[in-house]
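One-letter residues, chain by chain:
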Amino acid sequence: MITRLTWLAGIAVTTIMVALYSAAPRPIEQARDSVQDIYQRAAPRERDLQTPVHIDDIDEVSLRALGQRPWPRKELAELTDRLFALGAVAVGFDILFPERDRTSPAAVAENWERFSGDRRVLERFAELPDHDALFGAALGRGVTVLALAGAARGSGNGPVPEPKAGIAHTGRLPVAALTSSEAALSPIVPLREAATGLGSISLVSGSDGITRSVPMVALYDGVLMPAFTAELLRVAQGAGGHILRTSEASGQLSGGVILPVAMRTGALEYPLDENGHFRIHAARLVPGRTTSATEFLGPDADLASLRPRVEGKIVLVGSSAQSLFDIRSTPLSANVPGVHLHADIVEQIIAG
């Protein structure tokens, strides 16, 4: 009798919760987020500096020393080559490259000729190497991942490119559950053709502005695209693609609704919520996993001393500079650079 009553009570509670969620999902989500935030603050993830992840930070010091962004991609080509020379396993750029480099010699010459009418400058500059070509060549010499981001229809920079790696799915694709955008800001063709991987950097903020999760798979104008972090994990392992596991294939189908359950990238499998998002277990910022870009590119760069920070690691290149606006709020802090959250996701999945 007790067992039967317990079973009936469980069904009743579940039914009530499903009904409440269907009628008013936002309050339920907010309550869930608030409870999880309490747990996160009480027990933040312990950061293990032995996890093979490092951040190359285009910070305020770098901007003062090397100039405001966007930097000439000739500089990024040099940075990429130096990271691989120091033993990086893979390098991902948490930076969008939707337009050609306006500091390339040809672009500078075009502007000069347009305003001055002096074609001699154009002819001289035409002999100099194109910055995008230099950066593309550097990307192709190593294992690299570039980023793209969702955009409203008409505000993208061309058709959404095909992903570098496919996403197989067990069961039918849960289209209605996935994060979607009508268009995308993608890297220009020469760069994305040279890169090993391509992934979405879109992070998700709640109604309170706090970032708690990231879509690990998204639909951009009908194109199924893996996350930037998933692609970093894939190329670092040399894996061929990703597998999205759904509730239909996992025997967890409820009410005919198909939802994401988990994703597998190479040897790594990680859980997803009902929207295909990976929940970030926040960790406090600590010294030791970030190096200022100026240390790699400055005239006095001591590359030998930097090798232990980079060798054998996945390196994410991004920015903590307030002026570049890639700053997020988490349950632990109101000022976390986006690149740190992407690094947290890679760390968390590797650590299991």
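Before any of the text, the structure's been laid out above.
Worth saying up front: this structure is predicted, and the values here are computed from it rather than measured.

**Quick look at unusual backbone geometry**
Phi at Asp-221 is positive, roughly 50°, even though this residue is not glycine. Structurally, Asp-221 is set in the loop between strand S10 (217-220) and strand S11 (223-226). Among the residues examined, Asp-221 registers a relative accessible area of 45% and is labelled partly exposed.

**Re the sheet that holds strand S14 (residues 268-271)**
The strand order across the open sheet built from four strands is S4-S12-S13-S14, with neighbouring strands paired in mixed fashion. The open sheet is flanked by strand S4 (167-170) and S14, the only strands paired with a single partner. Sheet twist, expressed as the average angle between the axes of neighbouring strands with direction ignored, equals 20°. The sheet contact formed by S4 and strand S12 (residues 242-246) spans four bridges and is parallel. Paired with Thr-170 across the bridge in S12 is Arg-245.

**Notes on the pairing of S12**
Here is the key point about a regular strand: its side chains alternate between the two faces of the sheet. Covered by surrounding structure in S12 are His-242, Leu-244 and Thr-246 only, the residues Ile-243 and Arg-245 on the alternate face being uncovered. Inspection of the sheet shows S12 paired to strand S13 (residues 260-265) by five bridges, in the antiparallel sense. Residue Arg-245 lies in a different strand from S13, and its bridge partner there is Ala-262.

**Focus: the sheet that holds strand S8 (residues 204-205)**
Reading across the sheet, the three strands line up as S8-S9-S15 and stay open at both edges, with antiparallel pairing between neighbours. Looking along the sheet, the strands with just one partner apiece sit at the ends: S8 and strand S15 (277-279). Strand direction decides the pairing type here: S8 and strand S9 (residues 211-215), joined by two bridges, are antiparallel. Note that in S9 the partner of Ser-205 across the bridge is Thr-211. Strands in contact with helix H12 (residues 338-351) are S9 and S15; relative to S15, the strand with the most contacts, it is inclined by about 80°.

**Notes on the layout of surface pockets**
Considering only enclosed or pocket space, the largest pocket measures out at about 640 Å³ in volume. Arg-69, Ile-95, Leu-96, Phe-97 and Pro-98 are, among the 25 residues lining the largest pocket, the residues nearest its centre. The set of elements that each furnish at least two residues to the lining of the largest pocket consists of helix H4 (73-85) and H12. Tallied by class, the residues present in the lining of the largest pocket amount to 12 nonpolar, four polar and nine charged.

About the thresholds
- Residue numbers restart at each chain and count upward from 1, following the sequence in its written direction.
- Two thresholds apply to this predicted model, a pLDDT of at least 70 for residue-level local features and 80 or more for giving and counting side-chain atom pairs, whereas whole-chain, interface and lining totals are computed over all residues.
- The side-chain figures draw on all heavy atoms in the structure; neither hydrogens nor water molecules are used.
- Note on conventions: DSSP H or I runs of at least 4 residues are helices, E runs of at least 2 residues are strands, and numbering of each starts at the N terminus.
- For the exposure calls, accessible area comes from a 1.4 Å probe over protein chains only, and a residue counts as buried if that area is under 20% of its type's maximum, exposed if over 50%, partly exposed in between.
- Whether two strands pair depends on DSSP finding at least two bridges between them.
- In this analysis an axis means a line fitted to C-alpha atoms, helices contributing only their contacting stretch, and an angle means the value between N-to-C directions, from 0 to 180 degrees.
- Contacts: residue pairs with any heavy atoms within 4.5 Å of one another.
- Every definition here rests on a 1 Å grid over the protein atoms only: cavities are sets of points where a 1.4 Å probe fits but cannot get out, pockets are open sets enclosed by protein on both sides within 12 Å along at least five of seven lines, and lining residues have some atom within 4 Å of a point.
- Grid points are joined across faces, edges and corners, and a volume is the space filled by probe spheres set on the points.
- Under the scheme applied, nonpolar residues are Ala, Val, Leu, Ile, Met, Phe, Trp, Tyr, Cys and Pro; charged residues are Asp, Glu, Lys and Arg; polar residues are all the others, including Gly.

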